[in-house]
Amino acid sequence: MSRKRAPRRWSTLAFCADALLLSTLLAGTALCCQSLYSLGENRGLLAETAAALGVVLAAVHNLPRFRWAGLVAVAEGYALCAWLLWDRLTLGAGAVAVGLSRALGGSPELPVPFPEGERDLFLCASLALLALPLSWAALRLRSVLAAAAMTYPFLLPAFQLDRLPAWPDFLLLLTGWCALLLTAACPRQARGVRARLTLAALPAAGCALVLLTLALPRESYVYPQWAQTAKGVLLSGDLSFSLPGFLETGLRMGGSGSRVDLAGAGPLSLSSRTMLRVETDVTGRLYLRGISAGTYTGTAWEPLDAAAYEKLGDLGGYEPLNFPALTAPGKDWHAVTVDLTGAPGNCFYAPYFLLTDADELSGGSFADDSHIARNFGVGSYTIYYRPGAGPDAAMRPLEGAAAQAEETYRAFVYEHYLEVPEEAAQALRDWADRVESQYVFVDMSGSDGSSDQATVPRRYRMQLELAERTALYLAAATTYDTTVPAVPEGADFVDYFLNQSGRGYCMHYATAAALFFRMAGIPARYVSGYTVMVPDSGRVDVPESAAHAWVEIYLDGYGWYLVEVTPAYGGETEGEGGAETVQPTPTPAPTPTPTPAPTPQSSAAPTPGPSQGSAEGAAGTEEGTARTADLSMLKWPALALGLWLFLFVRRRLAARLWRKRLREGDANAAALWAYRLQRRLLPWGGREQPQVEELALKARFSQHTLTQAERERTAAAVEGERDRVDAALPWWKRLAFRWLFALR
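Everything quoted here is computed from the prediction, not taken from an experiment. One numbering rule holds for all chains: residues counted from 1, following each sequence as written. Confidence filtering applies because this is a predicted model: local features only for residues at pLDDT of at least 70, side-chain atom pairs given and counted only at 80 or more, and all residues used for totals across whole chains, interfaces and linings. As a convention, hydrogens and water are excluded, and side-chain values are obtained from all of the structure's heavy atoms.

Each helix is a run of DSSP H or I of at least 4 residues and each strand a run of E of at least 2, with the numbering of both proceeding from the N terminus. The helix and strand tally for the protein stands at 22 helices and 15 strands. Only heavy atoms enter the contact rule, under which two residues are in contact if any of them lie within 4.5 Å. The contacts in the protein between residues at least 6 apart in sequence include a share of 78% that link residues at least 24 apart. Using a 1.4 Å probe, the Shrake-Rupley method yields the accessible areas, and only the shown protein chains count as cover for residues. A total of about 33700 Å² of accessible surface is found on the protein, and carbon and sulfur atoms cover 59% of it.

Moving on, we come to the environment of Arg429. Among the secondary structure elements, Arg429 is positioned in helix H14 (residues 422–436). Spatially, the C-alpha atoms of Arg429 and Phe516 are 8.9 Å apart, while their sequence positions differ by 87 residues. Counted as a polar contact is a pair of N or O atoms within 3.5 Å, where, for protein atoms, one must be capable of donating a hydrogen and the other of accepting one, and residues adjacent in sequence contribute only when both atoms are in side chains. Among the polar contacts made by the side chain of Arg429, one reaches the side chain of Gln426 at a distance of 3.1 Å.

The next subject is a nonpolar patch on the surface. Patch members must show over 30% relative accessible area and no salt bridge, and they are joined within 9 Å when carrying like charges or within 5 Å when they are nonpolar side chains of Val, Leu, Ile, Met, Phe, Trp or Tyr. Just to be clear on terms, a salt bridge is a Lys or Arg side-chain nitrogen sitting within 4 Å of an Asp or Glu carboxyl oxygen. The grouping of Leu80, Trp83, Leu84 and Leu85 at the surface amounts to a nonpolar patch, some 460 Å² of accessible area in total. Tracing the chain through its elements places Leu80 in helix H3 (residues 67–84).

Another aspect to go through is the sheet that holds strand E14 (residues 547–555). Two strands form a pair only when DSSP identifies at least two bridges running between them. Read across the sheet, 4 strands follow the order E3-E12-E14-E15 without closing on themselves; strand pairing throughout is antiparallel. Single-partner strands in this sheet number two, and they are strand E3 (284–293) and strand E15 (559–563). Direction aside, neighbouring strands of the sheet carry axes that sit 45° apart on average. Angles here are taken between N-to-C directions and fall from 0 to 180 degrees, while the axes themselves are lines fitted to C-alpha atoms, restricted in helices to the stretch in contact. Across the face of the sheet, helix H15 (residues 458–477) comes into contact with E14 and E15 while running at roughly 150° to E14. Across the sheet, helix H17 (residues 506–519) is in contact with strand E12 (524–534), E14 and E15; its angle to E14 comes to roughly 10°.

On to the environment of Trp673. Mapped onto the elements, Trp673 comes out in helix H19 (residues 667–681). Sequence-wise, Trp673 and Arg661 are 12 residues apart; in three dimensions their C-alpha atoms are separated by 6.7 Å. Beyond its immediate sequence surroundings of up to four residues, Trp673 is in contact with Trp658, Arg661 and Leu662.

It is the contact of H19 with helix H21 (residues 708–728), at a shortest axis distance of 9 Å, that shows an interaxial angle of 15°. One element, H19, and the other, H21, form an angle in the roughly parallel class. The handedness of the crossing between H19 and H21 comes out as left-handed. Between H19 and H21, the contacting residues are Ala667, Ala670, Ala671, Ala674, Leu677, Gln678 and Leu681 on the first element and Arg711, Thr714, Val718, Glu721 and Arg722 on the second. Orientation is classified from the angle alone, with under 35 degrees giving roughly parallel, over 145 giving roughly antiparallel, 65 to 115 giving roughly perpendicular, and any other angle giving oblique. What makes a crossing left-handed is the near helix being turned counterclockwise from the far one by less than a right angle; a clockwise turn instead makes it right-handed.

Before going further, it helps to spend a moment on the sheet that holds strand E1 (residues 260–261). A sheet is described by the order of its strands in space; here 3 strands give the open sequence E1-E5-E4, paired in antiparallel fashion. The open sheet terminates on both sides in strands that have one partner only, identified here as E1 and strand E4 (295–296). Bridging between E4 and strand E5 (residues 300–302) involves 2 bridges; their strand directions are antiparallel. Counted as the bridge partner of Tyr296 is Trp301 from E5.

For every residue, the predictor reports its confidence as pLDDT, a number between 0 and 100. Taken as a whole, the protein shows an average pLDDT of 77; of its residues, 78% reach a score of 70 or greater. Of the regions scoring below 50 in pLDDT, residues 1–5 engages in 8 contacts with residues more than four places distant in sequence or in other chains. Under a pLDDT of 50 for its full length, residues 232–253 has, in the predicted model, 53 contacts with residues more than four places off or in other chains.

As a further point, take the environment of Glu719. In this fold, Glu719 is placed in helix H21. For the pair Glu719 and Ala674, spaced 45 residues apart in the sequence, the C-alpha separation amounts to 8.6 Å. Look past the residues within four positions of Glu719 in its chain and what remains in contact with it is Leu662 and Arg663.

In this section: the packing of aromatic side chains. Pairing of aromatic side chains here covers Phe, Tyr and the six-membered ring of Trp, requires ring centres within 6.5 Å, and sorts the geometry by plane angle: under 30 degrees stacked, over 60 edge-to-face, intermediate tilted. Counted according to the given criterion, the structure contains 21 aromatic pairs. Arranged with centres 3.8 Å apart and planes meeting at 5°, the rings of Phe348 and Tyr381 form a pair that is stacked. Separated by 33 residues along the polypeptide, Phe348 in the loop between strand E6 (334–339) and strand E7 (364–367) and Tyr381 in strand E9 (residues 380–385) bring together distant segments of the chain. Overall, Phe348 belongs to the buried group, its relative accessible area being 1%. When the ring of Tyr349 is compared with that of Tyr530, the centres are 5.2 Å apart and the planes differ by 70°; the resulting orientation is edge-to-face. One end of the pair, Tyr349, is in the loop between E6 and E7; the other, Tyr530, is in strand E12, and 181 residues separate them in sequence. Classification of residues uses two cut-offs on accessible area relative to the type maximum, computed with a 1.4 Å probe and protein chains only: under 20% is buried, over 50% is exposed, and between them is partly exposed. Classification of Tyr530 by relative accessible area gives buried; the value is 0%.

A separate point is the pattern of salt bridges. Throughout the structure, instances matching the rule amount to 22 salt bridges. For Arg687, the salt bridge identified is with Glu721, shortest N-O distance 4.0 Å. Taken together, the residues Arg687 in the loop between H19 and helix H20 (690–701) and Glu721 in helix H21 connect sequence positions 34 residues apart. According to the relative accessible area criterion, Arg687 is partly exposed, its value standing at 49%.

This is the structure in structure tokens:
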């Protein structure tokens with residue numbers, strides 16, 4: 001007759017630990033989604049709901065008996081509430097869907113606003129629905145992978161659009177993941193040990209993450225390249241990479257974010273991974289603009305405030321990005337098809353002289369005046385444009401409603417795109433005074449008026465001449481350098497670039513030029529995207545290294561005009577497209593600089609070409625936000641240290657648990673654990689110990705309790721056999737025996 005097992009008892013300690021762990025995971029997920037997708041100001045309600053769900057489900061999972069009945073009762077309660085509140089939940093689902101659509105790139109028109117109460121109710125109901133499987137994964141399976149698989153997908157769409165949750169919310173979720181990882185090795189039978197470890201791991205993990213955040217502030221921390229590539233792999237789902245390439249290259253999407261972090265513009269190293277595939281019948285240099293930014297803060301470029309666009313209102317159906325193409329109605333139009341193979345941004349990468357308007361746009365929508373927002377799930381699109389649509393002598397002034405819309409928008413531009421912070425303005429004045437005293441500008445047009453300026457309408461010549469002169473002075477007074485360190489904390493980006501380091505790449509040049517144009521009364525803004533040289537075949541893969549940043553200035557009656565101010569490279573790779581070498585007369589001689597290019601066919605506006613992915617980061621074009629390679633030498637030691645710490649903690653924890661099972665607690669259970677350990681030793685050359693098997697059978701099938709002496713004899717026998725096996729193994733098997741399988 002078999003011996004009955006001792007009944008499972010209620011453990012308040014285990015209940016508290018499980019409730020705290022589950023509440024942390026639920027609250028972290030809910031608050032991250034709320035901040036990622038701007039789903040109202042319901043943080044308190046979501047946190048309270050997460051806590052209540054954690055308490056209820058932890059109580060159910062810790063019931064001595066009838067746990068399945070408890071889960072079924074909870075599920076039936078969910079169903080009853082859903083039936084009673086179905087109309088409100090349906091309305092709330094619509095409100096959440098609208099919020100998600102807006103956050104992920106769409107901008108639907110709503111005739112009637114959704115009540116916030118229904119939206120909050122739906123969010124709480126969704127959290128309750130998630131809590132059931134998540135409680136099973138976290139409290140029963142103790143699987144961090146299963147728990148992450150149930151929480152991470154909710155964040156992934158926003159991560160693909162370069163949107164980050166509020167950092168405290170993400171720290172809360174990370175704390176739950178880390179605590180679950182640290183306690184996953186505990187068996188379900190050792191409830192007390194697991195509960196104590198959970199209660200210790202949660203505050204320890206939270207404090208460690210907070211201290212790490214304080215030690216490495218996100219505003220000034222520059223990510224190593226391998227971390228950026230890991231992020232890209234997780235976002236894109238592209239796992240077809242080799243380990244060396246993963247550790248050597250970085251990832252950042254040009255033009256995909258509305259905020260450009262200048263504080264992180266350190267040493268540059270970009271890969272050859274394909275971001276876009278472009279097909280068009282126009283050959284030559286092609287600029288694909290992503291998102292523009294109009295507000296300079298000293299450490300970043302940010303979009304204009306939403307209130308400004310509300311004041312602008314509708315332009316009669318016209319979009320500012322279409323104005324240049326409307327000035328050349330007689331010129332041929334062309335199509336460009338773009339596949340977003342590796343660029344997970346929330347925008348279309350569009351050429352200049354855009355002809356496709358809002359009614360003809362498929363898969364996206366015009367977002368304010370800065371870019372074309374991509375609808376969620378769209379991976380390919382075709383848009384139309386008119387290459388070479390001015391400004392030139394043949395351009396036709398806008399007429400009628402188009403002219404009225406441009407005048408309205410022009411007033412908006414002069415109101416919002418001329419602002420320069422005082423610190424940056426003083427830095428630009430100091431730099432301009434110093435440069436003008438050292439260099440003399442040479443008239444680029446020559447005596448015969450053969451320059452491109454001769455074909456430009458007279459009212460635009462002053463702006464374009466200033467653009468040329470600014471590019472020349474920047475090239476003469478600074479050095480193009482992709483290894484420049486990040487700006488020191490607290491320093492103004494432009495001041496440090498122009499008056500201290502004197503070194504930089506496209507982010508530095510575009511920022512300085514945009515602010516300098518504003519100082520001269522010319523509206524300007526920062527733009528990031530990609531540049532590509534289209535071959536005769538019309539098809540080209542655009543690598544990450546083709547990411548770039550440049551400037552747009554506003555020409556009255558025409559629209560935004562591209563200005564290239566980054567010095568061109570020499571050599572077969574970087575200078576592709578044919579840069580003109582233009583030098584002012586004084587010394588020191590500047591590096592070659594481009595002139596503005598009105599058409600994609602022209603080669604007069606080159607940008608640095610694709611890099612070779614060298615470790616030095618000295619080749620290639622730039623991108624909106626740079627990443628550093630300064631910490632690349634630490635990646636292997638850090639990886640080795642992390643692996644060793646994991647194996648060390650796992651081995652110590654396993655040894656402690658085995659020793660506790662064999663030496664403490666119920667003697668019959670100890671004999672059964674000894675028999676299991678003996679079975680695990682057999683594949684390694686272990687021998688069966690008759691007394692271990694005999695006492696295990698006695699403990700399993702006898703109604704008598706083993707004595708302390710029998711327990712000690714069993715433990716000594718199996719531990720002695722383990723030591724013998726360990727000593728007999730060759731060194732390489734011994735490492736696996738001890739560290740991978742934690743048997744000793």
